[in-house]
Protein chains: 2
Amino acid sequence: MYRTHTCGELRIEHVNQEVTLSGWIQRIRNFGGMTFIDLRDRYGITQLVFDMESNAALCEQARKLGREYVIQILGQVQERSNKNANMPTGEVEIPVKSLAVLNKSEVPPFTIEDESDGGDELRMRYRYLDLRRNPLKENLLLRHRMAQEVRKYLDNQAFIEVETPVLIRSTPEGARDFVVPSRMNPHQFYALPQSPQLFKQLLMVSGYDRYFQIVKCFRDEDLRADRQPEFTQIDCEMAFVEQEDILNTFEGLTRHLFKIIKNIDLQEFPRMTFADAMENYGNDKPDLRFGMKFVEITNLAKQKDFVVFNDAEYIAGICASGCAGYTRKELDELTKFVQRSQIGAKGLVYARYNEDGTFKSSVDKFYEESDLKKWAEAFDAKPGDLMLILAGPKKKTLPQLSELRLEMGSRLGLRDKNVFSPLWVVDFPLLEFDDETQRFYAMHHPFTSPKKEDIHLLETNPGAIRANAYDLVINGVEVGGGSIRIFDDKLQQQMFGILGFSPEDAEAQFGFLMSAFKYGAPPHGGVAFGFDRFVAMLAGNDTIRDVIAFPKNNSGRDVMIDSPSAIHPDQLNELAISLKKNPS
Amino acid sequence: MYRTHTCGELRIEHVNQEVTLSGWIQRIRNFGGMTFIDLRDRYGITQLVFDMESNAALCEQARKLGREYVIQILGQVQERSNKNANMPTGEVEIPVKSLAVLNKSEVPPFTIEDESDGGDELRMRYRYLDLRRNPLKENLLLRHRMAQEVRKYLDNQAFIEVETPVLIRSTPEGARDFVVPSRMNPHQFYALPQSPQLFKQLLMVSGYDRYFQIVKCFRDEDLRADRQPEFTQIDCEMAFVEQEDILNTFEGLTRHLFKIIKNIDLQEFPRMTFADAMENYGNDKPDLRFGMKFVEITNLAKQKDFVVFNDAEYIAGICASGCAGYTRKELDELTKFVQRSQIGAKGLVYARYNEDGTFKSSVDKFYEESDLKKWAEAFDAKPGDLMLILAGPKKKTLPQLSELRLEMGSRLGLRDKNVFSPLWVVDFPLLEFDDETQRFYAMHHPFTSPKKEDIHLLETNPGAIRANAYDLVINGVEVGGGSIRIFDDKLQQQMFGILGFSPEDAEAQFGFLMSAFKYGAPPHGGVAFGFDRFVAMLAGNDTIRDVIAFPKNNSGRDVMIDSPSAIHPDQLNELAISLKKNPS
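Residues numbered from 1 in each chain as written. Chains lettered and ligands numbered in written order. Predicted model: local features only at pLDDT ≥ 70, side-chain atom pairs only at ≥ 80, totals over all residues. Heavy atoms only, no water.

Would you explain the pattern of salt bridges in this entry?
Opposite charge on two side chains makes pairing possible when the charged atoms of those side chains draw close. Scanning all chains against the criterion turns up 104 salt bridges over all chains. We note a salt bridge from Glu161 of chain B to Arg151 of chain A, for which the minimum N-O separation is 2.7 Å. Of this pair, Glu161 of chain B sits in strand β7 (residues 160–161) while Arg151 of chain A sits in helix α4 (residues 134–156), which puts the two residues in different chains. Looking at Glu161 of chain B, the relative accessible area reads 10%, which means it is buried. On the accessibility criterion, Arg151 of chain A (5% relative accessible area) is buried. (Salt bridge = Lys/Arg side-chain N within 4 Å of Asp/Glu carboxyl O. Helix = DSSP H or I, 4+ residues; strand = E, 2+ residues; numbered from the N terminus. Buried < 20%, exposed > 50% of the residue type's maximum accessible area, 1.4 Å probe, protein only.)

What is the right way to read the packing of helix α10 (residues 328–339) of chain B against helix α12 (residues 394–411) of chain B from this model?
Axis angle and axis distance: for two packed helices, these are the angle between their axes and the distance between the axes, and together they describe the pair. Residue and element names in this part refer to chain B. Packing of α10 against α12 leaves a shortest axis separation of 10 Å and a crossing angle of 140 degrees. Relative to α12, the element α10 lies oblique. Crossing hand, α10 versus α12: right-handed. Of the residues in α12, those in contact with Glu330, Glu333, Leu334, Phe337 and Val338 of α10 are Glu403, Leu404, Glu407, Met408 and Arg411. When grouped by side-chain class, the residues that make up the contact of α10 with α12 number five nonpolar, no polar and five charged. (Axes fitted to C-alpha atoms, helices over the stretch in contact; angles between N-to-C directions. Parallel < 35°, antiparallel > 145°, perpendicular 65-115°, else oblique. Left-handed = near helix turned anticlockwise from the far one by under 90°. Contact = heavy atoms within 4.5 Å. Nonpolar A, V, L, I, M, F, W, Y, C, P; charged D, E, K, R; others polar.)

Would you explain the relation of the copies chain B and chain A in this entry?
One copy of the chain maps onto the other through a rotation about an axis followed by a shift along the same axis. Mapping chain B onto chain A calls for a screw motion: a turn of 180 degrees about the axis and a shift of 0.0 Å along it, with 0.0 Å RMSD after fitting. The relationship between the two copies is best expressed as a two-fold rotation axis. In this assembly the copies share their binding face: 100% of the residues contributing to the interface of chain B also contribute to that of chain A. (Least-squares fit on C-alpha atoms with pLDDT ≥ 70 in both.)

Even after reading the chapter, I still don't get helix α5 (residues 197–205) of chain A, so can you show me in this structure?
Where burial is concerned, most of α5 of chain A is hidden: nine out of the nine residues are buried. Listed as buried for α5 of chain A are Gln197, Leu198, Phe199, Lys200, Gln201, Leu202, Leu203, Met204 and Val205 of chain A. Contacts from the buried residues of α5 of chain A go to β10 (210–218), β11 (230–239), α14 (503–517) and β23 (524–530) of chain A together with β1 (18–31) and α3 (127–130) of chain B. One or two steps after α5 of chain A, the chain reaches Gly207 of chain A, where phi turns positive at roughly 90 degrees.

Before we go on, may I ask you to explain the environment of Tyr43 of chain B in this structure?
Examined against the element boundaries, Tyr43 of chain B turns out to sit in the loop between β2 (34–41) and β3 (44–51). Measuring from C-alpha to C-alpha, the distance between Tyr43 of chain B and Glu9 of chain B comes to 7.4 Å, with 34 residues separating the pair along the chain. Other than its neighbours up to four places away in sequence, Tyr43 of chain B contacts Ala158, Asp209 and Arg210 of chain A together with Arg3, Thr6 and Gly8 of chain B. Of note is the side chain of Tyr43 of chain B, whose polar atom sits 3.0 Å from the side chain of Asp209 of chain A. (Polar contact = N/O pair within 3.5 Å; in protein donor to acceptor, adjacent residues only side chain to side chain.)

What exactly am I supposed to notice about the domain arrangement of chain A here?
The parts lose accessible area when they come together, and the size of an interface is often stated as this lost area. Here chain A is partitioned into domain 1 (12–103), domain 2 (135–267 + 528–571), domain 3 (290–411) and domain 4 (424–468 + 480–522). Computed from C-alpha atoms alone, the centre-to-centre distance between domain 1 of chain A and domain 3 of chain A is 63 Å. (Domains from an automatic or database assignment.)

I keep staring at the side chain of Arg485 of chain B and nothing clicks. Help me out?
Here Arg485 of chain B lies in the loop between β22 (477–484) and α13 (489–498). In terms of polar contacts, Arg485 of chain B uses its side chain to reach the side chain of His445 of chain B, at 3.3 Å.

What is the right way to look at the interface of chain B and chain A in this model?
Each side of the interface is counted separately: chain B has 126 residues, and chain A has 126 residues. For the pair chain B and chain A, the summed buried surface comes to about 11,300 Å²; carbon and sulfur atoms form 56% of the total. Counting the surface chain B buries against chain A, the share from its top three residues, Glu163, Phe240 and Tyr519 of chain B, is 7%. Joining chain B to chain A, the criterion identifies 16 salt bridges. Residues Arg145 of chain A and Asp155 of chain B are paired through a salt bridge, measuring 2.7 Å at the closest nitrogen-oxygen approach. At the junction of chain B with chain A, the criterion picks out 89 residue pairs in polar contact (both at pLDDT 80 or more). When residues in the side of chain B that touches chain A are grouped by element, the largest group, 11 residues, is from helix α4 (residues 134–156) of chain B. In terms of residue class, the side of chain B that touches chain A is built from 69 nonpolar, 25 polar and 32 charged. (Buried area = accessible area lost by both parts, 1.4 Å probe.)

Would you mind going over the packing of aromatic side chains with me for this structure?
Enumeration according to the criterion identifies 50 aromatic pairs over all chains in this entry. Here Tyr126 of chain B and Tyr128 of chain B contribute two aromatic rings whose centre-to-centre distance is 6.1 Å and whose plane-to-plane angle is 75 degrees, an arrangement assigned as edge-to-face. Here Tyr126 of chain B falls in the buried class, since its relative accessible area comes to 18%. Among the aromatic residues, those joined into a ring-pair cluster are Phe306, Phe309, Phe366, Tyr367 and Trp375 of chain A. Of note, Arg439 of chain A hangs over the ring of Tyr441 of chain A, and the distance from its end group to the ring centre comes to 3.8 Å. (Phe/Tyr/Trp six-rings, centres within 6.5 Å; stacked < 30°, edge-to-face > 60°. Lys NZ or Arg CZ within 6 Å of the ring centre and 35° of its normal.)

What is the right way to look at empty space enclosed by the protein in this model?
In this approach, a probe sized like a water molecule rolls over the atoms, and the result shows the empty space that is left. This structure, assessed with the given rule, holds 10 cavities of 30 Å³ or more. Volume-wise, the largest cavity comes out at about 480 Å³. Around the largest cavity, the lining comprises 29 residues; the ones closest to its centre are Ile214, Val215 and Lys216 of chain A together with Ile214 and Val215 of chain B. Listed by contribution, the elements that provide at least two residues to the lining of the largest cavity are α4 and β10 of chain A together with α4 and β10 (210–218) of chain B. A breakdown of the residues in the lining of the largest cavity according to their chemical character gives 13 nonpolar, six polar and 10 charged. (1 Å grid on protein atoms, 1.4 Å probe; cavity = no way out; pocket = protein on both sides within 12 Å on 5 of 7 lines; lining within 4 Å. Points joined across faces, edges and corners; volume = space filled by probe spheres on them.)

Got a minute to help me understand the sheet that holds strand β21 (residues 469–474) of chain B in this structure?
Neighbouring strands of a sheet are bound in pairs by backbone hydrogen bonds; such pairs are parallel or else antiparallel. Residue and element names in this part refer to chain B. The strand order across the open sheet formed by eight strands is β7-β10-β11-β23-β22-β21-β18-β12, and the pairing between neighbours is mixed. Each edge of the sheet is formed by a strand with only one pairing partner; in this case those strands are β7 and β12 (271–273). The sheet contact formed by β10 and strand β11 (residues 230–239) spans nine bridges and is antiparallel. Paired with Cys217 across the strands is Phe231, a residue of β11. Lying over the sheet, helix α5 (residues 197–205) contacts β10, β11 and β23 (524–530), oriented at roughly 20 degrees with respect to β11. (Pairing = 2+ DSSP bridges.)

Can you help me understand unusual backbone geometry in this one?
Among all residues save glycine, negative phi is the norm, and among peptide bonds the norm is trans. Residue and element names in this part refer to chain A. In the segment running from Ser563 into Pro564, the intervening peptide bond is cis, with an omega of 0 degrees. Looking at the secondary structure, you find Pro564 in the loop between α15 (531–539) and α16 (569–575). Within the chain, His187 stands out as a residue other than glycine whose phi angle is a positive 70 degrees. Tracing the chain through its elements places His187 in the loop between β8 (179–181) and β9 (189–191).

What should I look at first to understand the sheet that holds strand β22 (residues 477–484) of chain A in this one?
Across the sheet, which stays open at both edges, the eight strands sit in the order β7-β10-β11-β23-β22-β21-β18-β12 (chain A) with mixed pairing between neighbours. Here the strands that pair on one side only, and so sit at the sheet edges, are β7 (160–161) and β12 (271–273) of chain A.

Honestly, the nonpolar core in this entry has me stumped. Any pointers?
One broad rule of soluble globular proteins: the nonpolar side chains tend to lie buried together. Among the nonpolar cores identified, the biggest contains 64 residues, and Tyr128, Phe550 and Met560 of chain A together with Leu202 and Leu203 of chain B are the most heavily contacted of them. Formed by 63 residues, the second largest nonpolar core is a distinct cluster that contains Phe274 and Phe510 of chain A together with Leu131 and Leu140 of chain B. (Core = buried A, V, L, I, M, F, W, Y, C linked by side-chain atoms within 4.5 Å.)

What exactly am I supposed to notice about the pairing of strand β2 (residues 34–41) of chain A here?
Successive residues of a regular strand alternate their side chains across the two faces of the sheet. Residues and elements named next belong to chain A. Within β2, seven of the eight residues are buried, which leaves it mostly tucked inside the rest of the structure. Note that strand β1 (residues 18–31) and β2 share seven bridges and pair antiparallel. If you follow Ile28 over to β2, its bridge partner there is Ile37. A loop of two residues connects β1 with β2, the two strands running antiparallel in sequence, and Gly32 in this loop sits at a positive phi of about 50 degrees. Once β2 ends, the chain turns through two residues before running back antiparallel as strand β3 (residues 44–51).

Encoded structure:
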């Protein structure tokens, strides 16, 4: 038996008990005739004591041990004279009677502490050591807890967990698929699922009524900062429901998670149409932890000789409360911020509403005090506030202003990680027109149903159709999204047509779904949550990499196992494929 | 709102309540002026009533509906005059006030009944319809329940669920990998995991102590009757444990599942060494629902002129209780059974111990009554029993006799699907010698630890080394298996040597594990259960296909979605691979 207790378990009531512990050496401290070792395992840290006086040989042996050695000790729990109130085991210690080294350790390439001295690359290469650090361990424990709670909650709501296949069929719509050559079917390929979308819809056709799965999905995308080629979804679908049923069910799940994990009671989630979100926040996932709604002053501002404004389709701004005192330097920073190539604004107009009631703006040349006063009224600004204004084509200016708003939110400390502000964004457009390819794309996916009242626009003005589609947004992050699906094969075929599929293509790719819809498909809809992102949010982490045990880097590589890698020519032969020379 | 209640919910206490139901039409029956419809959903069936007298138009409409139409109805629950005690809703029915067709259905290609008229191929093509049938639905519900219970149990035992990556690195050891070409790293490939083995061991090195995951695994094997290219494991690992800890933990899990799912209290699981299992049952996964242990009579039978026996290395048999009355025809059948090419015995010797105390055997020419009497004593046979005997090289005869034993068990009705007989088989050999390649292979995998007391044989007689490896066998089916792992990098390197890895190969393939072992690896071990098989066993199904929502056929194809399939040349180009002409 390697241990009678874990390193996080012993308390004052265990005093005098003989115990065996096993774990890793976190720290060794020598004080004259005494040596103290902090012994660590997943459950905590217990202090071991060695004493030159009572057992010099053992104490000498202990002094030769190193960090991260795995040892097993036997001893009798005693009360500490010098208690440590910060540790659950801080009232006791163990004078060691016998010691066995279970395994040695070389000196780790970085310190196994909450704040490590190792760089990103090094910690990725030795991920198994990085995972020993408390912050990562806490993240994985949180992830475990959330996964259990999600399943418990949905199980209680009569959802069934069904495993859908990982080896499926490649469909060109959407992002790039990872593919898997089939040896038994030469020159044919499986694809890894970008989501179990079609299978969960088929399960509704099969009558399973409420489905869920916490499931790996795959996208062969060029990886931006916080994407992973494999990621995890909480994937759900329900039959005989309307949008309202789905929003309520998953609002319930979300509230349950916040309550049980963070002990936070979330209020009823507000709802906002996509159109309002864009108009007021320039963003389909507004961060509602703070206000600063956009204020449009296009008409108000166009009455003077300021050509920039007069040429602009759209002029709007935000009111930064209490920022009238911003220095020239701070205002320059903000101007540079909006002019960054990722944001691309031409410039920034500001107007200070000074505490004394006067105004000072970057466009004083063109506007009188009385003009600015009118702006202030529109902005609902008070003395001491700062108005920040952008102008230009509406489509471009909205997202620019959104970035500025978020930046001001951050500067003003209004984006507290411990405050959570959820929101349902609803009524997304069904379709997006792509100027480059001159065709419509499904905004959500081709199976999303149009709103009944907009269906008449299908032939005449498809771009104006609103969908039964919704996103759950928390703190400006899209945590989940979904839609009510089309369940009528005629309408689905019409949709494929609008999306530019020939009837043959639609049949080849989605024939089985069309066919399934012919045999009594129920009304249905669903939602999928980005589980990695959801966990990261509750963990207070900005990057999903910190909540994934073995993530890949931005080139899609696992540097720990050095994957992907070359495979043996025999494997290629068996798969009937060869490597193309000079890959472009 | 599509429904106020499900089709399985209404009882006598709902009488007079107005309800809305939605579901599928299971059956329509017309009786004179009345029409009855059985409305089905996942939760049950409710009887709807239409009456020509009270509403002729509606009744006419109902008569035009077809099987599997999806309808929504409104009506007031009433007590049935003709109650059906076999249905939970059998005391009530709903006279329909209004009816809406939510979706039509073509006539399904096979009947949606417990016993369908559709063949395998057809039902696979229309899997979404097959899944509507009760037996499959019950299987998937059972699978769901088991998955939840496994997680709950392990969570309560402080196990952490950790997701390990699906895109990993190809390792030639073991079965064939499925591989995934990397677009971002041209000419390099990921592999899909055959198991999370290395990752779960790394998690132990990371100090996670108790890990589990219900996880998809992949093997590109030529599919035998009951294999799937993707399958699901309950995968577990523990640190600071000995074999005994693991056996007890997972015996606990197994008993919990049987109790909660089947309400069966399993007794403490017996344990049997691999050597004993082979000697007594010719099989490393003996079915212990019945006896018929092998009885060796090599010495006893070699004393006469029967050259077949005299030339045989090994002569043994089983005693089939009460079968002395087997006819010539039955005995011929058994002889043919053991002579089938899959079994390959030369012949079968029988000896009847007649009720009157006389003997009759197929070798009466060579043996006296008194010889057979001695055999009977060895077999512990009684009058009325039948002795069935095989002879030949021991290595070949043992599995032949095992097949015969299982056949007799089936014939005698001793293999009841509702009886469960679990067993731990322990002390597996560490290595298997392969005559063809003239080298040793790991019987379990290269990370399995040898028994301490056998380590001295590593250099001298590796084939005789026993491993800390164990299988959980229930009713002759290997449900799970695992081992205590090597956690010392020197011993692991020695093992790789014995398995024919050059130090460079070992480093290239498992370097990260070797490296991890240098930084304080704890003693650890684990187990993996074949979840599909485990579910099939509790479902009383012989094939795992019946407990998988969307299985593949024996060619690894999903005939419903027609996968695998050709992909677009652009996809091949992006991946820098091409199809080889004339695949062999």
